[in-house]
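Examining the three-dimensional arrangement
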Amino acid sequence: MSLKQKDLTGIASLSAEEIMQILETADSFKEVSGREIKKVPALRGKTVVNLFFEPSTRTRTSFELAAKRLSADVINFSPSNSSVVKGETLLDTARNIEAMQADIIVLRHSSAGAAETLARGVKSSVINAGDGWHEHPTQALLDLFTLREKKLEFRGLRVAIVGDVAHSRVARSNIYALTTLGADVRVVGPPTMMPACIERLGVKTFYDLDQGLQDVDVIMMLRLQLERQGRALFPTIREYSRLYGLTTERLKIAKPGALVMHPGPINRGVEIAPEIADGFSSVILDQVTNGVAVRMAVLYLLSGAGN
Amino acid sequence: MNASSTQTLLIQGGHVIDPGRTNGIADVLIEQGKIAAVGANLTAQGKGKNGSVQIIDARHKLVLPGFVDLHVHFREPGFEYKETIKSGTAAAAAGGFTSVCCMPNTQPVNDSQAITEFILEKARIAGNARVYPVGAITKGSEGKELAEIGDLRRAGCVAISDDGQPVMNSLVMRRAMEYALAFDLPVIDHCEDLHLSEGGCMNEGVVSTQLGLQGVPAAAEDVMVSRNLALAELTGARLHLAHLSTAGSVRLVREAKARGIRVTAEACPHHFTLTEEAVRGFNTLAKMNPPLRAWDDVQAIKEGLRDGTIDVIATDHAPHATQEKLQDFAAAPNGIVGLETALSLTLVLVEEGVLTLESAVAKLTKAPARAFSLNAGTLASGVDADVVIVDPQETWEIDPSRFRSKSRNTPFAGWKVKGRVHATLLGGRIVYESSEAR
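Parameters and conventions
Residues numbered from 1 in each chain as written. Chains lettered and ligands numbered in written order. Predicted model: local features only at pLDDT ≥ 70, side-chain atom pairs only at ≥ 80, totals over all residues. Helix = DSSP H or I, 4+ residues; strand = E, 2+ residues; numbered from the N terminus. Buried ≥ 20, exposed ≤ 12 C-beta atoms within 10 Å, placed from the backbone. Contact = placed C-beta atoms within 7 Å. Pairing = 2+ DSSP bridges. Axes fitted to C-alpha atoms, helices over the stretch in contact; angles between N-to-C directions. Parallel < 35°, antiparallel > 145°, perpendicular 65-115°, else oblique. Left-handed = near helix turned anticlockwise from the far one by under 90°. Domains from an automatic or database assignment. Nonpolar A, V, L, I, M, F, W, Y, C, P; charged D, E, K, R; others polar. Right-handed = clockwise from strand over helix to strand, strands pointing away. Core = buried A, V, L, I, M, F, W, Y, C linked by C-beta atoms within 7 Å.

This part covers the overall build of chain B. Assigned secondary structure in chain B consists of 14 helices and 18 strands. Along the first, second and third principal axes, the C-alpha atoms of chain B reach 65 × 45 × 45 Å. Taken across its 438 residues, chain B has 59% of its residues classed as buried. Sequence separation of at least 24 residues holds for 74% of the intrachain contacts in chain B that already meet a minimum separation of 6.

What follows is the structure in structure tokens.
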């Protein structure tokens, strides 16, 4: 079993069948993480390089754990201690890594399209671990995996994505993934945080959170990037929180038993009330756990080890 | 410029188009580097030292005034690894352009007589095309203090512009327009509100949303077009608007012209040929400023060209080194080379019925020459014999490795196009011949 493509640069290029194939593969790897000895030899002898140009703890650690549980050799490479600061281009850096026989490069970069640019330039498989505001495909896949684990059916599932959609790769990947699987997706936030023509991506827009939460099965909160306050997107964190923060009262507007998700790291008391983050509706830590299984599945399928 | 040829030439049997003057089969006689006559069945008497006459057979070809490009970046001084005046003018000749206006965003900026003279001297040595420098509006193109515009004019600048770093302060722009009136010098603006466009790297629309790239809204251009038209009305200055890309700009200019405001406008081949869709796949060769826009904008640009709102086709020839365009999309520089593809892309408008052949030629010759008061773009008797001979039927594949330009950054590589420059004459001297012509 393997994916048809060499790389995973985004959800936009995946079919519903491919998405389901990844989720089904992740099922079997989730079981591995529950064992006493959390390791299988599937990627023994393969080299995975985590090439992270942006600081990240959880995604990098998740990929590292995933690769190690598949018995791959893992190298972490970040620009602060590399030649990148000496002016080497992304492509040259990657070609050097490839020359050391890296099988898979996991890339996190602040520029949209960095993963696609890299994938075109190297023979190694490239996994996009987040490129600017473009995509973060493994985040969307682990979100889907978590919903599926909670026995939710994607077709007709009503999902609200709340927050700064314009600057969110998590939002884009989830919009592509959920709409491909037939979910009914809405985005909620101030107009300053909605990108142009967003409805052409097959979603509905709400500027009012209470309206946007009506009858939803799932609420995906996006992290508010606090540093954007000075960029005229919202006046104050206080006002944002009052208008778009998820509170216990607001949660009651959604369907009974609605799930609350967040890609992390969360701003407690800003976009999400602490009692919700820690409450029974929250699947935030399930998302983290499932991240490892989903990334194991992606690494496995791209490595061609299943062939 | 190198001395004109003393050779007498007779270009025979071509379809001569000198917009507004001639459109039909005719001969063109060139003596002492000047147009001596255009007409049927001309005969030539050898003059000059050797007394011979060179006959050029132009049957089945178009014989046109050398093209005039109001907007090129030749990168010298400062960025000679991208282009030099020598390589840039060679590219011009290969594309049929005999007169080019080079923008001042060099390093240092062309805001002084010394830089203008340097550019003119380099152009004279190269001898491939006439180079008309465009001077800066403000010192260092910093948008604060006026450059020595009188000096620039005297040294040979034909217009002023802070291209790429548009003057944001409307009072400074007003004063520049007023001051330029003293020299009857056109003021060019690259219309972009730098606050609205900040951080943007492609058109704002569905494609930028899908790709997660920061967009530049059409309004960033429209706002500044509107401001500039208001200032032109206030001051009475000669305003020239560079590379219009939006439907809104076209509408505003059309209305301003109807009200009698002195304004001319240009459009670039990429803006009437491609849409924002070309950016998909994060194609840095489709990254330019103003960005490629939406389909409706492209239609509006074509309509503006058709109804005369847009006077001029200019290339915005913007060479960049390969490694610069290999960077990630946001980091890659804006712009594409255009001199060697402009003719073929313009002829598509003729094929589509947007322009007649004569009006297409006018937008490459007579109209730009008039916009900047250049003594070029015509085959009138007595003017310098700048002539381009075009094979309108030849189909060819655009191959950047064969460009005369130092740079290869074009989104049109591999395109099959029709209509090709066969030979280019500058002052009666052949400065370019296609391999088929040789």
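That covers the picture; the talk isn't over yet.
All names here are of chain A. Strand order in the open sheet formed by five strands is β7-β6-β5-β8-β9, and the pairing between neighbours is parallel. Of all strands in the sheet, those bounded by a partner on one side alone are β7 (204–206) and β9 (259–261). Each neighbouring strand pair of the sheet contributes to a mean axis angle of 20°, computed without reference to strand direction.

Attention now moves to the packing of helix α3 (residues 90–99) of chain A against helix α4 (residues 114–121) of chain A. Residues and elements named next belong to chain A. Packing of α3 against α4 leaves a shortest axis separation of 10 Å and a crossing angle of 50°. Accordingly, the angle class assigned to the pair α3 and α4 is oblique. Between α3 and α4 lies a crossing of right-handed hand. When α3 is examined against α4, the residues Leu90, Leu91, Ala94 and Arg95 are found in contact with a partner set consisting of Ala114, Thr117, Leu118 and Gly121.

Our focus in this paragraph is unusual backbone geometry. Residues and elements named next belong to chain B. With an omega of 5°, the peptide bond running from Glu76 to Pro77 counts as cis. Look at the link from Gln107 to Pro108: it is a cis peptide, with omega at 0°. In this model, His243 sits at a positive phi of 25°, which is unusual for a non-glycine residue. Relative to the elements of secondary structure, His243 occurs in the loop between β13 (239–241) and α8 (247–258). On the basis of neighbour count, His243 is assigned to the buried category, with 24 C-beta atoms found within 10 Å. Its identity as a non-glycine residue notwithstanding, Asp316 has a phi of 50°, on the positive side. The topology assignment puts Asp316 in the loop between β15 (312–313) and α11 (322–325).

Residue and element names in this part refer to chain B. For chain B, the domain assignment lists domain 1 (8–63 + 383–433) and domain 2 (67–371). Computed from C-alpha atoms alone, the centre-to-centre distance between domain 1 and domain 2 is 26 Å. In this complex, domain 1 contributes 27 residues to the contact, which on the side of domain 2 involves 40 residues. Mapped by element, the contributors of at least two residues to the side of domain 1 that touches domain 2 are β16 (387–397), β17 (416–426) and β18 (429–433). For the side of domain 1 that touches domain 2, the element with the most residues is β17, which contributes seven residues.

Residues and elements named next belong to chain B. Sheet topology note: the β17/β18 ladder contains four bridges and is antiparallel. Note that in β18 the partner of Leu426 across the bridge is Arg429. Hairpin connection from β17 to β18: two residues lie between these consecutive antiparallel strands, with Gly427 at a positive phi of about 55°.

Moving on, we come to the sheet that holds strand β1 (residues 47–52) of chain A. Residues and elements named next belong to chain A. The four strands are arranged β2-β1-β3-β4 in an open sheet whose pairing can be described as parallel. The open sheet has two edge strands with one neighbour each: β2 (73–77) and β4 (125–131). Averaged over all pairs of adjacent strands, the angle between their axes in this sheet comes to 15°, without regard to strand direction. Here five bridges tie strand β3 (residues 104–109) to β4, and the two strands are oriented parallel to one another. Paired with His109 across the two strands is Asp131, which belongs to β4. Across the sheet, α3 lies against β1, β2 and β3, angled at about 160° from β1, the strand it touches most.

So, on to the interface of chain A and chain B. Between chain A and chain B, the residue contacts involve 21 residues of the former and 19 residues of the latter. Of all the secondary structure elements, the ones that give two or more residues to the side of chain A that touches chain B are α3, α4 and α6 (169–180) of chain A. Ranked by residue count, the leading element in the side of chain A that touches chain B is α4(A), at three residues. Looking at the side of chain A that touches chain B, its residues break down into ten nonpolar, six polar and five charged.

Our next topic: the pairing of strand β8 (residues 130–135) of chain B. Residue and element names in this part refer to chain B. Of all six residues making up β8, six are buried, and the element is well covered by its neighbours. Residues Arg130, Tyr132 and Val134 of β8 are buried on one face, and the alternating residues Val131, Pro133 and Gly135, pointing to the opposite face, are buried as well. As judged from the four bridges shared by strand β7 (residues 97–102) and β8, these two strands associate in the parallel manner. For Cys101, the partnering residue across the bridge sits in β8 and is Tyr132. You can see the chain leave β8, run along helix α3 (residues 149–155) and come back into strand β9 (residues 159–161), and the turn it takes is right-handed.

Assignment of secondary structure puts Asn96(A) in helix α3. When the 14 C-beta atoms within 10 Å are taken as the criterion, Asn96(A) is described as partly exposed.

The next subject is helix α1 (residues 85–94) of chain B. All names here are of chain B. Taken across its ten residues, α1 has nine buried, putting it largely inside the fold. Three or more residues of α1 are buried, namely Ile85, Ser87, Gly88, Thr89, Ala90, Ala91, Ala92, Ala93 and Ala94. Buried residues in α1 make contact with β6 (67–72), β7, α2 (113–126), β8, β17 and β18. Backbone geometry just after α1 places Gly96 at a positive phi near 90°.

On to the domain arrangement of chain A, then. Residues and elements named next belong to chain A. Domain parsing of chain A yields domain 1 (16–135 + 288–303) and domain 2 (151–282). Using C-alpha coordinates to define each centre, domain 1 is positioned 27 Å away from domain 2. Counting residues at the interface gives nine residues for domain 1, matched by nine residues for domain 2. Grouping the amino acids of the side of domain 1 that touches domain 2 by side-chain chemistry returns three nonpolar, three polar and three charged.

Moving on, we come to the nonpolar core. Of all hydrophobic cores here, the largest spans 136 residues; its most connected members are Val28(B) and Ile160(B). Residue-level mapping places this core at the junction of two domains, with at least three residues from each of domain 1 (8–63 + 383–433) and domain 2 (67–371) of chain B. Of all hydrophobic cores here, the second largest spans 93 residues; its members include Ile22(A), Ala67(A), Val126(A) and Met220(A).

Geometry of a packed helix pair, given as the angle between the helix axes and the separation of the axes. Residues and elements named next belong to chain B. Closest axis-to-axis distance for the helix α7 (residues 219–235)/α8 pair is 9 Å, and the angle between their directions is 15°. Here α8 runs roughly parallel to α7, going by the angle between their axes. Read as a crossing pair, α7 and α8 show a hand that is right-handed. Counting all contacts with α7, which are made through Glu221, Asp222, Val225, Ser226 and Leu229, the residues of α8 involved are Gly248, Ser249, Leu252, Val253 and Ala256. Its residues assigned to classes, the contact of α7 with α8 comprises five nonpolar, three polar and two charged.

Residues and elements named next belong to chain B. Along the chain, the position of Ala278 falls in the loop between α9 (269–273) and α10 (295–307). Since 19 C-beta atoms lie within 10 Å of it, Ala278 is described here as partly exposed. Separated by 133 residues in the primary sequence, Ala278 and Pro411 have C-alpha atoms spaced 8.3 Å apart. Discounting chain neighbours no more than four positions away, the residues touching Ala278 are Asn283, Ala286, Leu292 and Pro411.

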